[in-house]
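# Working through the structure, step by step
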Amino acid sequence: MSGLALLGLTALLGFGAGAPLCLSRQLRMQGDYVLGGLFPLGSTEDAALGNRTQPNTTKCTRFSSHGLLWALAVKMAVEEINRGSTLLPGLRLGYDLFDTCSEPVVAMKPSLIFMAKAGGHDVAAYCDYTRYQPRVLAIIGPHSSELAFVTGKFFGFFLMPQVSYGASVDLLSNRETFPSFFRTVPSDRVQVAAVVELLQELQWSWVAALGSDDTYGRQGLRLFSSLASTRGICIAHEGLVPPHTPHLQSGAVQGLLSHVSRAGVQVVVLFSSAHAARTLFSYSIHCGLSPKVWVASEAWLTSDLVMTLPGMAQVGTVLGFLQRGTPMPAFASYVQTRLALAADPAFCALLDAEQPGLEEHILGPRCPQCDHITLENLSASLLHPQTFAAYAAVYGVAQALHNTLLCTASGCPVREPVQPWQLLENMYNLSFRAHGQALRFDTSGNVDMDYDLKLWVWQDQMPELRTVGTFNGRLQLLPSQMWWHTPRNKPVSQCSRRCKKGQVRRVKGFHSCCYDCVDCKAGSYLRNPEDLFCTQCDQDKWSPARSLHCFPRRPRFLAWGEPAVLLLLVLLGLTLGLVLAALGLFVQHRDSPLVQASGGLWACFGLACLGFVCLSVLLFPGRPGRASCLAQQPLLHLPLTGCLSTLLLQAAEIFMESELPPSWAGQLRGHLQGPWAWLVMLFAMLVEVALCAWYLVAFPPEVVTDWQVLPTEALVHCRVRSWVSFGLVHATNVMLASLCFLGTFLVQTRPGCYNGARGLTFAMLAYFVTWVSFVPLFANVHVAYQPAVQMGANLLCALGILVTFHLPRCYLLLWRPDCNAPQFFLGGGAGGARERGGGGDEETPSKNE
């Protein structure tokens, strides 16, 4: 059976009727450590404090069911901790709960009692309160920000930890002013952000903002105004509801409502205490203010003072954000049990015998109204979210005390009583759990909790709070659950129609949301909605006519998906595939006379370098970066140098065997074989490395953005800082290609032997044709396509060398195996051919001759 059902059953049985209860006597319990509590168990009449002329006792008349339930939630949490073994095993928590009457004057009396020396009623004056032991260890409460401003500074002087379950003003997060203040509700800054996002989502840009003339209302309005102004929300009128001064209040409130009515707004944001909200709505109903949408702050959204006001159903639509509390199913049963026990004379007699007096001779009755309530008075407030906040506050203090005492599962070490300031040290950034929910105090003493958007839906004489949205950093609405006072659609609250795209607002009068729309010309835009003039676009941006903002120039570079790049990638795949096929074929036949005559391991190394030349083209497509710009030329020319150096060695052998006397050729060949050949290639590559290093250090290419060459785009490309250094990077390869060409161009091939000189000659011709053609083409093509030209030149150079020199040898290996014989190649036998590839370090004179 649910807790609400139990409450109803108990009400039928008659609990709470007849003789007074002893519920007020359950507001105190002794323990090893005592928690003080400040709760709005009652409230004063509006004029009660205004007519006060002596600092005497203030009588609280009205009863607050919310305050009593919050106090019972604290009592329930303390009893749970005392029964359990997880927190503070072997220790007993106590509590001492007082009524604040929702007035700072009343709240100061129990605050003084809390700070009295343990066992007494006086607050002693000392120079140093380090060893001072007050009656309580920490304070739970108060519920309102107005009271927290008073008590927070008082307790902060003594560094007494204070955990509020309802005070939400953002200024309470100031650690310099309130060093010992914590709360189990979010700051108003979160609530204000939710309200502003709600106004934006519903397109309400023309609103009135009102607040109570107290700290809570003024700070709420300040936060709302500052945030709303940055989100394009105009405040048609901003005002404060005056405090409880009847002789001045009537005219001030009526004037405030008159301003709201003349502003023509349909939405009013009201950050107010419950008393001020009741006052405002009383005059609003009396004056006949047209129905509006009232966006409520959490302080009055659930207040009985406002909900029970006659005529509230006619004020319009009321909605606001309410902290989402964790459900506490057992709380209703606990309240039923407490009330049932309070009606039991035997329990009350036992309570009087066990508990000391309530010190009513000092502070007066704690809660006389609590002893004359019925279950029906409490059932409507059982699900209030601040109930969990009060419950969680106890667990936060208990966890901090558990950590301070260094308690374990078996118990807590014996030590001197903990001072409040010692407990405070362990509350900063404290993580704890309450009813299964993980909570954490941040450095400002706040916790993160979600909000529910609640809408008043009237049922008989009281509104039902219907959830129509949530806010957890982002607003999510349930439009199907919303109900408006307007007959058809949601209300519209705008002073002027929204301007079309490309129009600037020309303000009429004093309010920035009342305006005429004027077109912005091409090349200009509206920087902010509040601007009166169009702003010219910056150089790096552009805009069409009638634009609300300038568009950034879209970066333009050689993208991977462009047709030219796709064709070049196909060519890359073809070339790289042929290179890998040739390399694989050469490796497979590495001991054959043909491969040995082609250079052996040199040829394999040259093909591998040729593959890297092909892969270097992948640095050119895509958005240029510093790394890719620096790597483009070195990663092209270094592998190309390795390839050309192997061809140069091949050309040198052909030249010596064909053009020099055999005795000279035999002597020189020894210097071009084995380790000497690799040293030649290493020397060539080191020279190229030196040139590339000088190029990168002295004149490093840089990524630049050109705003002028394209009309609506920004060209991002690698800029060459020195064309001379760019040309010198090619110097090594040009020198190698020239020597190779000169060494083979006029060589006469012996009859019946393979003409290797011809292949080398055509390979060098392919190299020169490619790079000579590259220069004028690169200089005259549009800058946007220069990377594509470099890609094409790299691939054509590699493909030319491959087709003219390597592929004919692959043809012989595959389809003319009869030619794969030593006598078909210059140098005669296989031994001499093997020596060309570096397969042996010793010469074989007979075969070389």
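Since the model is a prediction, treat every value here as computed from it, not as a measurement.

What counts as what
- Residues numbered from 1 in each chain as written.
- Predicted model: local features only at pLDDT ≥ 70, side-chain atom pairs only at ≥ 80, totals over all residues.
- Heavy atoms only, no water.
- Helix = DSSP H or I, 4+ residues; strand = E, 2+ residues; numbered from the N terminus.
- Buried < 20%, exposed > 50% of the residue type's maximum accessible area, 1.4 Å probe, protein only.
- Contact = heavy atoms within 4.5 Å.
- Areas by Shrake-Rupley, 256 points an atom, 1.4 Å probe, with all protein chains shown as cover.
- Phe/Tyr/Trp six-rings, centres within 6.5 Å; stacked < 30°, edge-to-face > 60°.
- Pairing = 2+ DSSP bridges.
- Salt bridge = Lys/Arg side-chain N within 4 Å of Asp/Glu carboxyl O.
- pLDDT = per-residue confidence, 0-100.

Along its length, the protein carries 28 helices and 27 strands. Here the protein holds 849 residues, and 53% of them are scored as buried. Of the contacts formed within the protein by residues at least 6 apart in sequence, a portion of 70% connects residues at least 24 apart. In the form shown here, the protein has an accessible surface area of approximately 37400 Å², with 59% of it arising from carbon and sulfur atoms.

Moving on to the packing of aromatic side chains. All chains considered together, the criterion is met by 32 aromatic pairs. With a centroid separation of 5.2 Å and an interplanar angle of 45 degrees, the aromatic rings of Phe432 and Phe441 are classed as tilted. A residue is classified by how much of its surface remains accessible, and Phe432, at 3% relative accessible area, is buried. For Phe441, a relative accessible area of 0% corresponds to the buried category. Aromatic pair Trp456 and Trp458: ring centres 5.9 Å apart, planes at 90 degrees, arrangement edge-to-face.

Quick look at the sheet that holds strand 6 (residues 138-140) now. Ordered by their spatial adjacency, 6 strands build an open sheet running 1-5-2-6-7-8, and the pairing between neighbours is mixed. Of all strands in the sheet, those with a lone pairing partner are strand 1 (28-29) and strand 8 (181-183), marking the two edges. Bridge count for strand 6 against strand 7 (residues 162-164) is 2 bridges, and the pairing is parallel. Directly across from Ile139, in strand 7, lies its bridge partner Gln162.

This part covers the pattern of salt bridges. What the rule picks out here adds up to 13 salt bridges. Across the pair Asp213 and Arg218 runs a salt bridge, and its minimum N-O distance is 2.8 Å. Of the residues examined, Asp213 reaches a relative accessible area of 34% and is grouped as partly exposed. Of the charged contacts, one joins Arg324 and Asp452 as a salt bridge, the two residues approaching to 3.0 Å between their closest N and O atoms.

Below, the discussion takes up the side chain of Ser168. Mapped onto the secondary structure, Ser168 falls in the loop between strand 7 and strand 8. Once residues lying within four places of it in the same chain are set aside, the contact partners of Ser168 are Ser145, Arg183, Pro186, Ser187, Asp188 and Tyr216.

Let us look at the confidence of the model for the protein. Here the protein shows a mean pLDDT of 83. Residues at 70 or above account for 87%. Ignoring residues within four places in sequence, the model shows residues 1-17, a span with pLDDT below 50, making 23 contacts including any to other chains.

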